[in-house]
Every structure is written in structure tokens, then in C-alpha cells.
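Spelled out, the chains give:
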Amino acid sequence: MQIIPIQQDDINTTITIPFEDNDIHIKIKYLSIVQIWSMNILYKDIQINGIKLSCGVPHLRAKNLPFDFLLENNIKSGFDPYLESDMSDGSYTLYLLEREDMNEIRGYEVE
């Protein structure tokens, strides 16, 4: 499991994560009208858009990818991130679950 550094003041952040022989490109953005944080992912030729960041759940469960993302609420408020400052003030931590983590969670090898 790897921490994804998102403590930045920009509410539209693009991050490239080296993963095995490829890169995972994620764009994290704050949607002020509905007060949610969302994420777009590009991995190889797979594009997944509009994933709402929610605490304590794998975000790509149905995709059978060799990785997933998990969001932790550090302030124990019980809420998903909804403030513009939630990612820059350290209230939440985003983790990359790697292949070994996914094999353990699912109980079988992932592609």
C-alpha cells in the first residue's frame, strides 16, 4: 500500500503514479456545486471517469485491475470529503492498493 500525495492547494490536481511497467494517471478534482471530490483514472488504454471519492471502500472493485484506491478519514468525522480544503489540510489520505494487496483482498490473482 502506498500513500498518494494529494495535500496540495489546487482543487484540480493531476498525479502520475509509476506502477509496474506503466503509469497510472489520476486527476482529482473538487466539484463545488455538489461538494464532492472525484477522480478520473487513465491506465494503459482504460479510462475511468467520475469516481466519487468515498471513505473506506475500494473504488475500482468491478474493474479487475491490479490496483485500487482507498480513502481514509484522518479526522474520524464519519464523512466523505466535502470541503474544498479537505485534501490540502490532511483530513484525508488516499492510498494506492498494489497488486499484492489486491490478491490478498480478492483471494485470487488479478490481471
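Quantities reported herein were computed from a predicted structural model and do not represent experimental measurements. Counting from 1, residues in each chain are numbered in the order their sequence is written. Only residues with pLDDT of 70 or above have their local features reported here, since the model is predicted, and side-chain atom pairs are shown and tallied only from 80 upward, although totals for entire chains, interfaces and linings are computed over all residues. Side-chain numbers come from the whole structure's heavy atoms, not from hydrogens or water.

What follows covers the sheet that holds strand S1 (residues 2-4). Backbone hydrogen bonds hold the strands of a sheet together, and the pairing may be parallel or antiparallel. In short, DSSP must find at least two bridges between two strands for them to pair. Strands are runs of DSSP state E lasting at least two residues, helices are runs of H or I lasting at least four, and both sets are numbered from the N terminus onward. Reading across the sheet, the three strands line up as S1-S7-S6 and stay open at both edges, with antiparallel pairing between neighbours. Each edge of the open sheet is held by one strand with a lone partner, namely S1 and strand S6 (68-73). The mean inter-strand angle of the sheet, taken between neighbouring strand axes irrespective of direction, is 35°. Relative to strand S7 (residues 92-97), S1 is paired through three bridges, and the arrangement is antiparallel. Pairing of Ile4 across the sheet is with Leu94, part of S7. Here an angle of 0 to 180 degrees is reported between the N-to-C directions of two axes, which are lines fitted to C-alpha atoms, with helices fitted over the stretch in contact.

Glancing now at the environment of Tyr30. Within the secondary structure, Tyr30 is located in strand S3 (residues 22-31). Expressed as a C-alpha distance, the spacing of Tyr30 and Met87, which sit 57 residues apart in the sequence, is 9.4 Å. Dropping the residues within four chain positions of it, Tyr30 is found in contact with Ile11, Asn12, Gln35, Ile36, Trp37, Tyr82, Leu83 and Glu84. We call two residues contacting when some pair of their heavy atoms lies within 4.5 Å.

This next bit is on the sheet that holds S3. The strand order across the open sheet built from four strands is S2-S3-S4-S5, with neighbouring strands paired in antiparallel fashion. The open sheet is flanked by strand S2 (12-19) and strand S5 (46-52), the only strands paired with a single partner. Recorded for the sheet is a direction-independent mean angle of 15° between the axes of neighbouring strands. Where strand S4 (residues 36-43) and S5 come together, five bridges link them in antiparallel fashion.

Further remarks concern the packing of aromatic side chains. Each aromatic pair joins two rings of Phe, Tyr and Trp (for Trp, the six-membered one) with centres within 6.5 Å, and gets the label stacked for planes under 30 degrees apart, edge-to-face for over 60, and tilted for any other angle. Applying the stated criterion across every chain yields a total of six aromatic pairs. Ring geometry for Phe19 against Phe67: centres 5.3 Å apart, planes inclined by 65°, an arrangement best described as edge-to-face. With a gap of 48 residues between them, Phe19 in strand S2 and Phe67 in the loop between S5 and S6 connect regions that are remote in the sequence. The exposure classification of Phe19 matches that of Phe67, with both residues buried. With a centroid separation of 4.9 Å and an interplanar angle of 80°, the aromatic rings of Tyr43 and Phe67 are classed as edge-to-face. Residue Tyr43 is located in strand S4, and its partner Phe67 is located in the loop between S5 and S6; the two are separated by 24 residues in the primary sequence. Accessibility here uses a 1.4 Å probe with only protein chains present; expressed as a share of the type maximum, an area under 20% marks a residue as buried, one over 50% as exposed, and anything in between as partly exposed. The buried category is assigned to Tyr43, whose relative accessible area is 4%. When its relative accessible area of 0% is taken as the criterion, Phe67 is described as buried. Ring pairing ties together the aromatic residues Phe19, Tyr43, Phe67 and Phe69, which thus form one cluster.

By definition, no residue in a patch forms a salt bridge, and every one has over 30% relative accessible area; like charges are joined within 9 Å, nonpolar side chains (Val, Leu, Ile, Met, Phe, Trp, Tyr) within 5 Å. The method behind every accessible area is Shrake-Rupley, applied with a 1.4 Å probe, and residues are considered shielded solely by the protein chains displayed. Basic side-chain nitrogens of Lys or Arg form a salt bridge, by our definition, when they fall within 4 Å of a carboxyl oxygen of Asp or Glu. Taken together, Leu31, Ile33 and Val34 make up a surface patch of nonpolar side chains, about 320 Å² in accessible area. Checked against the element boundaries, Val34 lands in the loop between S3 and S4.

Positive phi, close to 55°, is recorded for Gln35, a residue that is not glycine. Inspection of the secondary structure assignment puts Gln35 in the loop between S3 and S4. Judged by relative accessible area, which is 41%, Gln35 ranks as partly exposed. At Lys44, a position not held by glycine, the phi torsion is positive, near 55°. Positionally, Lys44 belongs in the loop between S4 and S5.

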